[in-house]
Number of protein chains: 2
Amino acid sequence: MCKEGSFSGDGDGKGTRPMDPDKPVTAAAGGAADMIAKLQSYKQAGASLDNCPIRDVLGQIGDKWSTLLLITLGERSHRFGELRRAVPDISQRMLTQTLRDLRRDGLVSRHVHPTVPPSVEYRLTSLGHSLLEPLSHLTRWADAHHPAIRAARLAFEREVA
Amino acid sequence: MCKEGSFSGDGDGKGTRPMDPDKPVTAAAGGAADMIAKLQSYKQAGASLDNCPIRDVLGQIGDKWSTLLLITLGERSHRFGELRRAVPDISQRMLTQTLRDLRRDGLVSRHVHPTVPPSVEYRLTSLGHSLLEPLSHLTRWADAHHPAIRAARLAFEREVA
DNA sequence: CAGCATCCACTGTGATACTG
DNA sequence: CAGTATCACAGTGGATGCTG
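Described below are features of the structure shown in this document.

**Remarks on the interface of chain B and chain A**
Move 1: Facing 76 residues of chain B, the contacting portion of chain A comprises 81 residues.
Move 2: Of the roughly 7,600 Å² buried between chain B and chain A on both sides combined, carbon and sulfur atoms contribute 64%.
Move 3: Among the salt bridges present, the one from D105 of chain B reaches R153 of chain A, with a minimum N-O distance of 2.6 Å.
Move 4: At the junction of chain B with chain A, the criterion picks out 18 residue pairs in polar contact (both at pLDDT 80 or more).
Move 5: Residue assignment for the side of chain B that touches chain A shows that the elements contributing at least two residues are α1 (29-45), α2 (53-61), α3 (66-75), α5 (92-104) and α6 (126-160) of chain B.
Move 6: At 27 residues, the largest contribution of residues to the side of chain B that touches chain A is made by α6 of chain B.

Encoded structure:
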């Protein structure tokens, strides 16, 4: 299993970057190599990769609604109903549940205003906010390469057919 | 692209974003704001967010095995059996299926060597390789903040109890 | 308004056995 | 070796109705 306090097995420190917000993106290959090396160390550390950070985080934000809510809350804090309207095709069940999971992981905080019609405000915690930046790299990639992916899918369909 | 940052000058009445004092959002806002603006434009473009790039990509790499395989293949190309050994707890069914999906999206290519015992080599395409970099930002974040997340989960458990 | 409870369909995942 | 096929099951997500 994964280690507790020190997440990187390496002692050289090249893998431990303490979330500098304006880190240069130039660490392209470096970042990837880092990631690969990290994975290797996980494999050696524990037999199971089930609870390694990568899985843990991706399992969460990889679900259907988390990122959408995270980004929406990244704009500004929203009330429950606002979120429903902001993400129209989410069911109220999933909104509640996803918010709960996000809250559970410390990414979102919940603030109840004791008014007569209850009013609950959700907003990103600092942790949640810090996730937006790495997430944006991914969404930027997704955006940039989405046409390529769709093209690949079409090509694949033809290929199999 | 991404010029539609209209929300930045929001000027809405509640523009006062009560921010956690320990986390200035300044630097992260660059990429993140872009992402937020993009989401806004998606919402306006189509009624459904189902097929927006973010969902499309995250839905793929958010599954249980894709990232693991992507990173593993990022190290070097692997044969089928090598991948099984490299990711011990994947079932052969899921390995096949995930590889197929990855291939479908043009992230991985498949090369059959017509030897007597069939030998198939999988490797990242350039598209797949390009995904490694943004992905590494996320894994780095995951790694760095995993303790915080686990702490939040523990705190949450206590809180509800 | 915000949220919970229930029922239900679909999909992702795994175990096992079989094939080219 | 590199798959495919079948079955079984758990988790996810949607629809609906109810509550404080």
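**Structural notes on the sheet that holds strand β3 (residues 119-124) of chain B**
Strand pairing in a sheet is mediated by backbone hydrogen bonds. Such pairs are either parallel or antiparallel.
Residue and element names in this part refer to chain B.
Move 1: The 3 strands are arranged β1-β3-β2 in an open sheet whose pairing can be described as antiparallel. Among the strands making up the open sheet, the edge pair consists of β1 (78-79) and β2 (108-113).
Move 2: Strand direction decides the pairing type here: β2 and β3, joined by 6 bridges, are antiparallel. Along β3, the bridge assignment pairs H111 with E121.

Here is what the cut-offs are and how they apply
- Residues numbered from 1 in each chain as written.
- Chains lettered and ligands numbered in written order.
- Predicted model: local features only at pLDDT ≥ 70, side-chain atom pairs only at ≥ 80, totals over all residues.
- Heavy atoms only, no water.
- Contact = heavy atoms within 4.5 Å.
- Buried area = accessible area lost by both parts, 1.4 Å probe.
- Salt bridge = Lys/Arg side-chain N within 4 Å of Asp/Glu carboxyl O.
- Polar contact = N/O pair within 3.5 Å; in protein donor to acceptor, adjacent residues only side chain to side chain.
- Helix = DSSP H or I, 4+ residues; strand = E, 2+ residues; numbered from the N terminus.
- Pairing = 2+ DSSP bridges.

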